[in-house]
Amino acid sequence: MEAKEFIKTELSFFINKFKNSKLQYQYDSDSLVHFVEIIKCDKYDSEEYIQWEDDVYDRFVSAFPNKNICFVSGKDPVRVVFPEEIFIGDEY
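To keep things clear, this report deals only with the structure shown in the data block. Given the structure is predicted, the values throughout are model-derived calculations rather than measurements.

1. Digging into the packing of aromatic side chains
Phase 1: Per the counting criterion, the structure on display carries nine aromatic pairs.
Phase 2: Ring geometry for tyrosine 49 and tryptophan 52: centres 5.9 Å apart, planes at 35°, overall tilted. Of the two residues, tyrosine 49 and tryptophan 52 both sit in helix H2 (residues 47-63), three residues apart, roughly one turn of that helix.
Phase 3: For the ring pair phenylalanine 60 and phenylalanine 64, a centre distance of 5.2 Å and an interplane angle of 45° mean the geometry is tilted.
Phase 4: Among the aromatic side chains, those forming a connected cluster through ring pairs are Phe14, Phe18, Tyr44, Tyr49, Trp52 and Phe71.

Structure, rendered in structure tokens:
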């Protein structure tokens, strides 16, 4: 499985778990970073979300040690400008 496929699969699982969410994904080939922007998630500051992010990050780094992933939100100065894919939950 390639890094992009891994991330897109995990984000699909995410919106099925957090149905009121919206996410954007972009790979920046200049910085070699996979960006996931959390546009909306009511549970963003919850332990459940933090555990999900930690788990995905750990598995990503383990599977792709030469790749980088970065999770950002609307509070961060870094944003996804040109999303490759947008994930929207059923209750968004």
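Anyway, onward from the coordinates.
2. Overview of the nonpolar core
Phase 1: Within the largest apolar cluster, 20 residues are counted, with the highest numbers of intra-cluster contacts made by Ile7, Leu11, Phe14 and Val36.
Phase 2: Taken together, the elements giving at least two residues each to this core come down to helix H1 (3-17), strand E1 (22-28), strand E2 (33-40), H2 and strand E3 (68-73).
Phase 3: Looking at this core element by element, the count peaks at six residues for H1.
Phase 4: Filtering out sequence-adjacent residues up to four positions away, leucine 11 remains in contact with Leu23, Tyr25, Val36, Trp52 and Phe87.

3. Details of the packing of H1 against H2
Phase 1: Direction vectors running N to C along H1 and H2 enclose 165°, while the axes themselves pass 11 Å from each other. If you check the angle between H1 and H2, you find them roughly antiparallel. Considering the relative orientation of H1 and H2, their crossing is right-handed. On the side of H1, the interface is formed by Ala3, Phe6, Ile7, Glu10, Leu11, Phe14 and Lys17, while H2 contributes Glu48, Tyr49, Trp52, Val56, Arg59 and Phe60.

4. Quick notes on the environment of lysine 4
Phase 1: Positionally, lysine 4 belongs in helix H1.
Phase 2: For lysine 4, a relative accessible area of 34% gives the class partly exposed.
Phase 3: Taking C-alpha positions, lysine 4 is 7.9 Å from histidine 34, a pair spaced 30 residues apart along the chain.
Phase 4: With near-sequence residues (within four places) excluded, lysine 4 lies in contact with Tyr25, Tyr27, His34 and Glu84.

5. Quick word on the pattern of salt bridges
Phase 1: Evaluation of the coordinates by the stated rule reveals nine salt bridges.
Phase 2: One salt bridge in this structure joins lysine 8 and glutamate 84, with 3.8 Å as the shortest N-O distance. A residue pair is termed long-range when its members are at least 10 positions apart, and lysine 8 in helix H1 and glutamate 84 in the loop between E3 and strand E4 (85-88) qualify at 76 residues.
Phase 3: Put simply, lysine 17 and glutamate 48 hold a salt bridge, and the shortest N to O gap is 3.9 Å. Of this pair, lysine 17 sits in helix H1 while glutamate 48 sits in helix H2; the two residues are 31 residues apart in sequence, bridging distant segments of the chain.
Phase 4: The exposure class of lysine 17 is partly exposed, given its relative accessible area of 48%.
Phase 5: Connected through salt bridges with shared partners, the residues Lys4, Lys8, Glu84 and Glu85 form a single ionic network.

Quick notes on the rules
- Residues numbered from 1 in each chain as written.
- Predicted model: local features only at pLDDT ≥ 70, side-chain atom pairs only at ≥ 80, totals over all residues.
- Heavy atoms only, no water.
- Phe/Tyr/Trp six-rings, centres within 6.5 Å; stacked < 30°, edge-to-face > 60°.
- Helix = DSSP H or I, 4+ residues; strand = E, 2+ residues; numbered from the N terminus.
- Core = buried A, V, L, I, M, F, W, Y, C linked by side-chain atoms within 4.5 Å.
- Buried < 20%, exposed > 50% of the residue type's maximum accessible area, 1.4 Å probe, protein only.
- Contact = heavy atoms within 4.5 Å.
- Axes fitted to C-alpha atoms, helices over the stretch in contact; angles between N-to-C directions.
- Parallel < 35°, antiparallel > 145°, perpendicular 65-115°, else oblique.
- Left-handed = near helix turned anticlockwise from the far one by under 90°.
- Salt bridge = Lys/Arg side-chain N within 4 Å of Asp/Glu carboxyl O.

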